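Chain residues, written in single-letter form:
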Amino acid sequence: MDAKQIIICRCSDVTLQDLYDLFEEGYTTFEELKRIKRVGMGPCQANTCGKMVQWEIAKYFNQPLEDVEFHNMRPFTMGVKLKSIKESAEDEE
Amino acid sequence: MRQAEFVIVGAGPAGLRAAKALLEVGAKVLIIDRSDLLGGQLTKQTHMFFGSEKQHASKRGIDILGLMIDAIKGHENLEVLTNTTVVGLYKDLVLSCVEQDHYFKIQAQTIIIAAGASEKALPFENNDLPGVYAAGAVQTLMNVYGVKPGDKVLMVGSGNIGLIVSYQLMQAGVQVVKLVEASSQIGGYLVHASKIKRLGVDITMNTSVKRAIGNDHVEAVEIWQLDEAWQGIPGTEEVLEVDTICMAVGLAPLTELLQQIGAKVKYIRELGGNVAKLNERYETTVPNVYACGDVAGIEEASSAMMAGEIAGMEAAIKSGYRYDNQEARLKTLREDLVNLRKGPHGAKVRAGLDKLGVEV
């Protein structure tokens with residue numbers, strides 16, 4: 001298996017090998033992986049990669065899937081142009 | 001800021017039924033859906049439904065949708081925003097929305113989240129090649145847009161989606177080269193499996209994808225057998241010539257909006273992932289925010305319809321509206337839902353709901 005050829009996060013182009021390397025460096029939670037590698041921070045907001053990241057953490061550290069903490073979810077669920085937000089704020093004034 | 005009495009996020013079977021229940025008693029409803037079509041997954045379900053007469057069994061999904069839309073269309077208290085995505089949900093029940101480049105906020109009194117689910121994917125080598133699809137996407141391409149996804153398909157997963165999409169691929173003139181299933185049991189209804197078997201599809205158990213092969217698109221796939229621990233067994237590899245790999249490996253509830261406002265969720269494998277904790281009135285741990293349908297646990301359209309009706313009624317009742325014989329009607333709905341979950345195919349959902357528990 002060539003983990004370099006397995007894409008986990010399509011939005012930020014993070015491979016399974018990237019995850020393994022980070023695990024070895026001591027990053028063990030979804031939140032840490034997200035901060036260091038932007039996994040789950042693209043247009044899909046972890047809707048595609050999230051479950052795979054959870055699964056890979058569980059497998060690598062031999063944890064039950066239920067115990068693997070998911071990442072924090074914050075607004076927005078997708079990219080929004082700053083211009084759109086600015087225009088909306090001006091309308092409200 | 002725009003004001004709304006009841007906002008329903010998601011116009012699938014759960015959301016549309018909730019809307020109908022609310023409109024019945026004179027409540028004002030705003031439905032928001034990110035698609036240009038109402039109906040969620042029903043828009044592409046050309047197959048006939050099983051289940052009970054009340055939930056339109058033996059009608060096609062798309063026709064059930066027609067009935068559901070007819071039941072609310074043109075209602076004076078109904079407003080519908082399509083092509084609009086709810087991108088943020090805040091504790092004071094403000095929703096931020098985007099329609100194209102137009103960003104705006106809505107202040108709601110009550111919110112029903114019926115956002116549905118997203119498809120799961122599989123990690124295998126070259127899983128980023130064009131030609132690797134999720135099954136729901138293939139179904140959308142074919143049945144909504146009339147686009148053929150490929151000519152020769154490997155289907156991965158034998159749940160109802162995998163089985164039904166295999167059949168629909170064949171109806172569209174696409175060859176289903178093989179269907180592989182990682183476990184030792186067919187996940188979906190045997191009647192669906194038998195149908196595609198009779199049409200010559202080879203269903204192979206304990207098998208999964210090892211890697212996709214191709215330069216700029218899928219040209220072949222290598223599959224291999226799995227052991228009891230779901231690890232590939234070296235030496236069992238087989239290469240199939242296909243141009244499409246279709247993953248039907250399950251759905252995950254779309255709880256992101258609920259998690260944004262701090263509604264309690266719990267990871268329940270049997271229900272597809274993180275699901276919202278609800279009380280028996282379908283209210284989340286955030287007051288006046290309800291959830292129903294796949295977002296509360298992966299089931300099927302029939303159960304989503306019933307849950308939507310209950311959630312809509314409960315939300316209306318909490319706001320002071322009353323139905324004729326409401327206790328009896330809610331009791332019947334709840335009993336129907338329990339009956340639907342009986343039998344071997346409901347076992348997973350029952351186990352999941354047990355684990356989740358009811359928090360009042």
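Not measured: the values here are computed from a predicted model.

Some details on the overall build of chain B
When its secondary structure is counted, chain B shows nine helices and 19 strands. Against the 2.2 N^0.38 benchmark of 21 Å for 360 residues, chain B shows a C-alpha radius of gyration of 21 Å, consistent with a compact globule. Taking the principal axes of its C-alpha atoms as reference, chain B extends roughly 65 × 45 × 35 Å. Within chain B, the proportion of its 360 residues that are buried is 54%. The long-range fraction of contacts in chain B, counting pairs at least 24 apart against all pairs at least 6 apart in sequence, stands at 61%. Put simply, chain B shows about 15,400 Å² of open surface, and 49% of that area lies on carbon and sulfur atoms. Treating the 36 positive side-chain charges of chain B as one cloud and the 42 negative ones as another, the clouds have centres 5 Å apart.

Looking at the pattern of salt bridges
Note on pairing: side chains with opposite charge can pair once their charged atoms come close. Residues and elements named next belong to chain B. In total, this model carries 26 salt bridges over all chains according to the counting rule given. Measuring nitrogen to oxygen at the nearest pair gives 2.7 Å for the salt bridge that ties Glu 24 to Arg 329. A residue pair is termed long-range when its members are at least 10 positions apart, and Glu 24 in helix α1 (residues 13-24) and Arg 329 in helix α8 (residues 326-340) qualify at 305 residues. Overall, the relative accessible area of 23% leaves Arg 329 in the partly exposed class. The partner of Glu 309 in a salt bridge is Arg 329, and the shortest N-O contact between them spans 3.0 Å. One end of the pair, Glu 309, is in helix α7 (residues 301-318); the other, Arg 329, is in helix α8, with 20 residues separating them in the sequence. Exposure remark for Glu 309: the relative accessible area of 14% places this residue in the buried category.

A look at α1 of chain B
All names here are of chain B. Between its first and last C-alpha atoms α1 spans 17 Å; for twelve residues at 1.5 Å apiece the expected length is 16 Å, and the two agree. A large share of α1 lies buried, amounting to ten of its twelve residues. Burial in α1 covers these residues: Pro 13, Ala 14, Gly 15, Leu 16, Arg 17, Ala 18, Ala 19, Ala 21, Leu 22 and Leu 23. As for α1, its buried residues are in contact with β1 (2-9), β2 (29-32), α2 (61-70), β3 (78-81), β6 (102-113) and α7. Within two residues after α1, Gly 26 carries a phi angle of roughly 90°, on the positive side.

Notes on the packing of α1 of chain B against α2 of chain B
All names here are of chain B. Where α1 meets α2, the axes come as close as 10 Å, and the angle between the chain directions of the two elements is 25°. Relative to α2, the element α1 lies roughly parallel. In the crossing of α1 with α2, the sense of the turn from one axis to the other is left-handed. Seen from α1, the contacting residues are Pro 13, Leu 16 and Arg 17; seen from α2, they are Leu 65, Met 68 and Ile 69. Across the contact of α1 with α2, the residue classes tally to five nonpolar, no polar and one charged.

Considering the sheet that holds strand β8 (residues 132-134) of chain B
Residue and element names in this part refer to chain B. Read from one edge of the open sheet, five strands run β8-β15-β9-β10-β11, paired in parallel fashion. Here the strands that pair on one side only, and so sit at the sheet edges, are β8 and β11 (203-204). As paired elements, strand β9 (residues 152-156) and strand β15 (residues 244-247) share four bridges and run parallel to each other. Bridging across to β15, Met 155 finds its partner in Cys 246. Helix-sheet contacts for helix α3 (residues 135-143) involve β8 and β15, and the interaxial angle to β8 is about 90°.

Some thoughts on the pairing of strand β13 (residues 220-225) of chain B
Residue and element names in this part refer to chain B. Extensive coverage of β13 is indicated by the burial of five of its six residues. In this sheet, β13 lies alongside strand β12 (residues 207-213) in antiparallel orientation, the contact comprising six bridges. Paired with Ala 212 across the two strands is Val 221, which belongs to β13. Counting the residues in the hairpin turn of β12 and β13 gives six residues, including Gly 214, whose phi is positive at 155°. As judged from the three bridges shared by β13 and strand β14 (residues 238-240), these two strands associate in the antiparallel manner.

Some remarks on helix α5 (residues 190-198) of chain B
Residues and elements named next belong to chain B. Residues His 192, Ala 193 and Ile 196 constitute the buried set of α5. For α5, the buried positions fall inside an angular range of 100° around the axis, keeping them on one side. Among the exposed residues of α5, those pointing more than 90 degrees away from its buried face are Leu 190 and Arg 198. Among the structural elements, α4 (160-171), β10 (175-180) and β11 are those in contact with the buried residues of α5. Gly 200, located one to two residues past α5, shows a positive phi value of around 100°.

Some thoughts on the environment of Met 313 of chain B
Residue and element names in this part refer to chain B. Looking at the element boundaries, Met 313 is found in helix α7. Measuring from C-alpha to C-alpha, the distance between Met 313 and Gln 326 comes to 8.4 Å, with 13 residues separating the pair along the chain. When near neighbours in sequence (up to four residues on either side) are disregarded, Met 313 contacts Ala 21, Tyr 323, Gln 326, Arg 329, Leu 330 and Leu 333.

A closer look at the confidence of the model for chain A
The pLDDT averaged across chain A works out to 93; a share of 100% of its residues lies at or above 70. In the model of chain A, helix α4 (residues 82-92) of chain A stands out as the element of lowest mean pLDDT, 91, in contrast to helix α1 (residues 16-25) of chain A, which has the highest, 97.

Description of unusual backbone geometry
For residues besides glycine, phi is generally negative; the peptide bonds are generally trans as well. For the bond from Pro 75 of chain A to Phe 76 of chain A, the omega torsion is 0°, close enough to zero to count as cis. A positive phi angle, near 65°, is found at Arg 38 of chain A, a position not held by glycine. In this fold, Arg 38 of chain A is placed in the loop between α2 (30-37) and α3 (50-60). Located in the positive-phi region is Leu 93 of chain B, a residue other than glycine, with phi close to 65°. Structurally, Leu 93 of chain B can be placed in the loop between β4 (84-89) and β5 (94-99). On the accessibility criterion, Leu 93 of chain B (9% relative accessible area) is buried.

The rules behind these values
- Residue indices follow the written sequence of each chain, beginning from 1 at its first position.
- Labels follow written order: the first chain is A, the first ligand is 1, and so on.
- Only residues with pLDDT of at least 70 are given local features in this predicted model, and only at 80 or more are side-chain atom pairs given and counted; all residues enter the totals for whole chains, interfaces and linings.
- Hydrogens and water are ignored here; the side-chain numbers use all heavy atoms of the structure.
- Only DSSP runs of H or I covering at least 4 residues are called helices, and only runs of E covering at least 2 are called strands; the numbering of each starts at the N terminus.
- This radius of gyration counts C-alpha atoms alone. The globule rule is 2.2 Å times how many residues there are, raised to the power 0.38.
- Accessible area is worked out with a 1.4 Å probe on protein chains only. A residue is then buried under 20% of its type maximum, exposed over 50%, and partly exposed in between.
- Contacts between residues were defined by any pair of non-hydrogen atoms, one from each residue, lying within 4.5 Å.
- For every accessible area listed, the method is Shrake-Rupley and the probe measures 1.4 Å; residues are considered covered only by the protein chains on display.
- For the purpose of counting charges, residues Lys and Arg are taken to be positive, whereas Asp and Glu are taken to be negative. His and the chain ends are not included.
- Taken as the charge location is NZ of Lys, CZ of Arg, CG of Asp or CD of Glu.
- Salt bridges are defined as contacts in which a side-chain nitrogen from Lys or Arg sits within 4 Å of a carboxyl oxygen from Asp or Glu.
- By definition here, a helix of n residues has an expected span of 1.5 Å times n minus one.
- Fitted lines through C-alpha atoms give the axes, limited to the stretch in contact for helices. The angle between two N-to-C directions lies from 0 to 180 degrees.
- Our angle categories are set so that under 35 degrees counts as roughly parallel, over 145 as roughly antiparallel, 65 to 115 as roughly perpendicular, and the remainder as oblique.
- Here is the rule for handedness: rotate from the far helix to the near one, and if that takes an anticlockwise turn smaller than a right angle the crossing is left-handed, while a clockwise turn gives right-handed.
- In this count, Pro and Cys sit with the nonpolar residues alongside Ala, Val, Leu, Ile, Met, Phe, Trp and Tyr, while Asp, Glu, Lys and Arg are called charged and the others, Gly among them, polar.
- Two strands qualify as a pair provided DSSP detects at least 2 bridges between them.
- The directions considered for the arc run from the helix axis to the C-beta atoms.
- The predictor attaches a confidence to each residue, called pLDDT, with possible values from 0 through 100.

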